[in-house]
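Here is what each chain is made of, one letter per residue.
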Amino acid sequence: MLYTKNANVTTTAESTIVTIPNGYVAHWNMLFVSNLGGSTNGAGIYVAKADSSRIDILGGGNVSSKEYVLITDGVFVLQAGDAVKAFTTAAGDVEFVITFDLLEQAPTFVNFNGA
């Protein structure tokens, strides 16, 4: 089933948009970042992986006032325990929106690295 989750970030504190629950995987296929504030602000979003690694999607680059970033090409596959987190480089008013398909995790996982 498709879900849309959002976070309106007004401080420099990280905000968790969603954490994938146990027993599920998610196919994240849309990211929309809108700077609603009156000044240019840096916007960042990343995946905090369950294994403590991190995948940066946007690294805090500037989004001008009243402008947006839209990413719809490609799919990020998120596993159980992965969390999507957003942040800004200055206090402001930045909206982060993601859409993903949440699917039940298959009962077995094929390890593709041969280990």
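Further up the page is the structure itself.
Computed from a prediction, not measured in an experiment: that's the story for all the values here. (Residues numbered from 1 in each chain as written. Predicted model: local features only at pLDDT ≥ 70, side-chain atom pairs only at ≥ 80, totals over all residues. Heavy atoms only, no water.)

Chemist: Honestly, the side chain of Asn 41 in this entry has me stumped. Any pointers?
Modeler: Mapped onto the secondary structure, Asn 41 falls in strand E4 (residues 41–48). You can call Asn 41 buried: its relative accessible area is 5%. Side chain to side chain, Asn 41 and Thr 89 meet in a polar contact 3.4 Å long. With residues up to four places along the chain from it excluded, the contact list for Asn 41 reads Asn 35, Gly 61, Asn 62, Val 63, Thr 88, Thr 89, Ala 90, Ala 91, Gly 92 and Val 94. (Helix = DSSP H or I, 4+ residues; strand = E, 2+ residues; numbered from the N terminus. Buried < 20%, exposed > 50% of the residue type's maximum accessible area, 1.4 Å probe, protein only. Polar contact = N/O pair within 3.5 Å; in protein donor to acceptor, adjacent residues only side chain to side chain. Contact = heavy atoms within 4.5 Å.)

Chemist: What exactly am I supposed to notice about the pattern of salt bridges here?
Modeler: For side chains of opposite charge, pairing can occur when their charged atoms come near one another. Taken as a whole, this structure holds two salt bridges when the rule is applied. The residue Asp 82 makes a salt bridge to Lys 49 at a minimum N-O spacing of 2.7 Å. Residue Asp 82 is located in the loop between strand E7 (76–78) and strand E8 (83–88), and its partner Lys 49 is located in the loop between E4 and strand E5 (54–63); the two are separated by 33 residues in the primary sequence. Asp 56 is paired through a salt bridge with Arg 54; the nearest N and O atoms lie 3.0 Å apart. (Salt bridge = Lys/Arg side-chain N within 4 Å of Asp/Glu carboxyl O.)

Chemist: Could you clarify how one ought to interpret the sheet that holds strand E2 (residues 15–19) in this entry?
Modeler: Backbone-to-backbone hydrogen bonds join strands into a sheet, with any given pair of strands oriented parallel or antiparallel. Read from one edge to the other, the open sheet built from four strands follows the order E2-E8-E4-E5, with strand pairing classed as antiparallel. Every interior strand has two partners, whereas the edge strands, E2 and E5, have only one. Going across the sheet, the axis of each strand differs from the next one's by a mean of 15°, ignoring polarity. (Pairing = 2+ DSSP bridges. Axes fitted to C-alpha atoms, helices over the stretch in contact; angles between N-to-C directions.)

Chemist: Mind showing me how you'd approach the pairing of strand E3 (residues 24–35) here?
Modeler: For a regular strand, the rule is simple: side chains alternate between the two faces of the sheet. Summarising the sheet, E3 and strand E9 (residues 94–104) pair through 11 bridges and their orientation is antiparallel. Bridge assignment links His 27 to a residue of E9, and that residue is Asp 101.

Chemist: Even after reading the chapter, I still don't get the environment of Gly 60, so can you show me in this structure?
Modeler: In this structure, Gly 60 sits in strand E5. For Gly 60 and Asn 41, which are 19 residues apart along the polypeptide, the C-alpha to C-alpha distance reads 8.5 Å. Setting aside anything within four residues of it in sequence, one finds Gly 60 in contact with Gly 42, Ala 43, Gly 44, Phe 87 and Thr 89.

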